[in-house]
Structure formats: structure tokens, C-alpha cells
Amino acid sequence: MKKIYLAFLLVLFLATVALAKVNINTATADELAALNGIGKVKAEAIVAYRTANGKFKAIEDLKKVTGIGDKTIEKLKGDLSVDK
């Protein structure tokens, strides 16, 4: 019974992690690169832009980063967040 309970907790934890949104103001380049459509180069560009210009106020502000456009933002909007 204990093994079943532990297995259930593990599945629940993994599901929660999989559904968590990535905060573009705090995510590392590796965390951003793991997103579908964002590779290492774009992830590093996001972090560099954030470092130079400060936090993003909205997800749409990612358009200011070279190589990221409307299609990328629309595809990832449900996976991203900004802290308020």
C-alpha cells in the first residue's frame, strides 16, 4: 500500500511540474531552451535582453527580442508567465 501511495505522489508531482508555466523574468537559459520553439540561441537572447533592459511586463514584450515573433509567442503563450 505504501508503494502505491508513493507512486501516486510521484505521478502527481510530475504532472504538476509538467503543467507549470515558465516565468520569462526568472527562467534560466536552459529552462527557456526546453520550451518548444525556443532553442539555445533564442533562450540566451531572451536572458541577454532581460539583463540589459529589465523585466518583461507582458509576454508580448518577447517580440522585442531578436528572432521572436508573433507566431512563437502565440504558440507558447499558455506555457509562459511574467511575475506581477
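Source: prediction; values computed, not measured.

The next point concerns the pattern of salt bridges. In total, this model carries 5 salt bridges according to the counting rule given. Lys55 serves as the salt-bridge partner of Asp83, at 3.3 Å between the closest nitrogen and oxygen. Of this pair, Asp83 sits in the segment after strand S2 (80-81) while Lys55 sits in the loop between helix H3 (40-53) and helix H4 (70-76), and the two are 28 residues apart along the sequence. Lys77 is the salt-bridge partner of Glu60, the closest N and O atoms lying 2.8 Å from each other. With Glu60 in the loop between H3 and H4 and Lys77 in the loop between H4 and S2, this residue pair connects regions lying 17 residues apart in the sequence. Taking relative accessible area as the criterion, Glu60 reaches 33% and is therefore assigned partly exposed. A network of salt bridges, in which partner residues are shared, links Glu60, Glu74 and Lys77.

Conventions adopted
Residues numbered from 1 in each chain as written. Predicted model: local features only at pLDDT ≥ 70, side-chain atom pairs only at ≥ 80, totals over all residues. Heavy atoms only, no water. Salt bridge = Lys/Arg side-chain N within 4 Å of Asp/Glu carboxyl O. Helix = DSSP H or I, 4+ residues; strand = E, 2+ residues; numbered from the N terminus. Buried < 20%, exposed > 50% of the residue type's maximum accessible area, 1.4 Å probe, protein only.

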